[in-house]
Amino acid sequence: MSSQPVAYVGFANLPHQVHRKSVKKGFEFTLMVAGESGLGKSTLVNSLFLTSLYADREIPAVEDTLDQTVQIEASTVEIEERGVKLRLTIVDTPGYGDALDCSECFQPIVNYVDDQFEQYLREERGFNRRHITDSRVHACFYFISSTAHGLKPIDIEFMKSIHHKVNIVPVIAKSDMLTKSEIAQMKARILQEIAENGINIYNLPEADDDEDEEFKNQTTYLKAGIPFAIVGSTDVIEVNGKKVRGRVYPWGVVEVDNPDHCDFLKLRTMLVTHMQDLQEVTHDIHYERYRAERLKHGEVEDLGPPPTTPGTKSALEAKDAELRRMQEMIRKMQLQMQQQAGDGDELPPTTNQSSAPNMPRASRNVISKQV
């Protein structure tokens, strides 16, 4: 029999197991789109995910927007591609920037983000932690008008109020209104103003040294495109015998999927290839910051009892019944030991450390959890 060690154990298949489990479970992602009305937010969302989320939306009249308040509309759609399921939630903000007084128009958006953190924190304290619904906002596409020549005061105030809660991805809307040189100048101006105001936007992570050159080049290519100058369209037109999505103008055609015309492909590639990183940054940085603030001010105990469902309620009742049964068993054992002591018999150890190992495993878990 050979004394050579086994060359293959099999744990190299662990990534495949994780892959199969993840595909079976599916993925969740929440994307917020914010910006003034008329910048093409709905069109971009439909273009990105090849769906129609706003087919029944009605555009309000001008007089209705004078005193309009910001609304939060969350739409969820399940997308399946090659067996991979994605539960996508789009959070839209109609009414943002439409009123005469926009000084507090972004506060409902900030409150919504905090409410999702709060809901996640409450569910973490619950008993059914295996099926927590993650409605936290993982990314925010903030649309900047291409006619503003930079950031407006409302843009700066909004991003400053939310940049420590959400991954902000700045987007220059309707960039087909600008020439290539104007786009380059506007990108530089926006990045300069973002840095001057201390705003943190989402930065793509650096590629590891062991990554292949193609991925490293792609990361560098995407980083150079921020902020992304995009054009959205769901119309299919024919150009040189090929059907493409784009817009037709008197001077020519703008193709949405043409990297020479806009950064739409860069934006979509960034979202798809870094979706997991966006979720991890949300959980590890933004949510942990919110949770630490709650703990720092001692507000976690004031959240009230964790939410219970019929399933968790019945589980609690079963645990209470098991605990009462074990307490009764311990009481009878103590009475027997006292009787033996009265008869002069040698007493067995009566401390918790010595008696606990003789108890059933499940019973010890119940008692320790109750304590």
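Bear in mind the structure is a predicted one, so any value in this text is a computation, not a measurement.

1. With respect to empty space enclosed by the protein
Here the idea is plain: a probe the size of a water molecule rolls over the atoms and shows the empty space left.
Line of reasoning, step 1. Summed over all chains, the structure comprises one cavity of 30 Å³ or more.
Line of reasoning, step 2. Considering only enclosed or pocket space, the largest cavity measures out at about 50 Å³ in volume.
Line of reasoning, step 3. The wall of the largest cavity is formed by Gly-35, Glu-36, Leu-39, Tyr-96, Tyr-142, Phe-143, Ile-144, Ser-145, Ala-148, Lys-152 and Asp-155.
Line of reasoning, step 4. In terms of residues, the lining of the largest cavity owes the most to one element, strand E4 (residues 139-144), which gives three residues.
Line of reasoning, step 5. Class assignment of the residues belonging to the lining of the largest cavity gives a composition of six nonpolar, two polar and three charged.

2. Description of helix H7 (residues 264-273)
Line of reasoning, step 1. Residues Phe-264, Lys-266, Leu-267, Met-270 and Leu-271 constitute the buried set of H7. Seen from one end, H7 has its buried residues packed into an arc of 165°, which puts them on one side.

3. A few points about the pattern of salt bridges
Line of reasoning, step 1. One pass over the structure, following the stated rule, counts 13 salt bridges.
Line of reasoning, step 2. Two residues, Glu-206 and Lys-223, come together in a salt bridge whose shortest N-O distance is 2.6 Å. Of this pair, Glu-206 sits in the loop between helix H5 (180-196) and helix H6 (213-223) while Lys-223 sits in helix H6; the two residues are 17 residues apart in sequence, bridging distant segments of the chain.
Line of reasoning, step 3. Looking at Glu-206, the relative accessible area reads 64%, which means it is exposed.
Line of reasoning, step 4. A relative accessible area of 28% means that Lys-223 is categorised as partly exposed.
Line of reasoning, step 5. Among the salt bridges present, the one from Glu-288 reaches Arg-291, with a minimum N-O distance of 3.9 Å.

4. Overview of the packing of H6 against H7
Line of reasoning, step 1. Running from N to C, H6 and H7 cross one another at 125°; their axes reach a closest spacing of 10 Å. Classified by the interaxial angle, the pair formed by H6 and H7 is oblique. The crossing of H6 and H7 is left-handed. For the pair formed by H6 and H7, the contact residues are Gln-218, Tyr-221 and Leu-222 on the first element and Lys-266, Thr-269, Met-270 and Thr-273 on the second.
Line of reasoning, step 2. Across the contact of H6 with H7, the residue classes tally to three nonpolar, three polar and one charged.

Here is what the cut-offs are and how they apply
- Residues numbered from 1 in each chain as written.
- Predicted model: local features only at pLDDT ≥ 70, side-chain atom pairs only at ≥ 80, totals over all residues.
- Heavy atoms only, no water.
- 1 Å grid on protein atoms, 1.4 Å probe; cavity = no way out; pocket = protein on both sides within 12 Å on 5 of 7 lines; lining within 4 Å.
- Points joined across faces, edges and corners; volume = space filled by probe spheres on them.
- Helix = DSSP H or I, 4+ residues; strand = E, 2+ residues; numbered from the N terminus.
- Nonpolar A, V, L, I, M, F, W, Y, C, P; charged D, E, K, R; others polar.
- Buried < 20%, exposed > 50% of the residue type's maximum accessible area, 1.4 Å probe, protein only.
- Arc of directions from axis to C-beta.
- Salt bridge = Lys/Arg side-chain N within 4 Å of Asp/Glu carboxyl O.
- Axes fitted to C-alpha atoms, helices over the stretch in contact; angles between N-to-C directions.
- Parallel < 35°, antiparallel > 145°, perpendicular 65-115°, else oblique.
- Left-handed = near helix turned anticlockwise from the far one by under 90°.
- Contact = heavy atoms within 4.5 Å.

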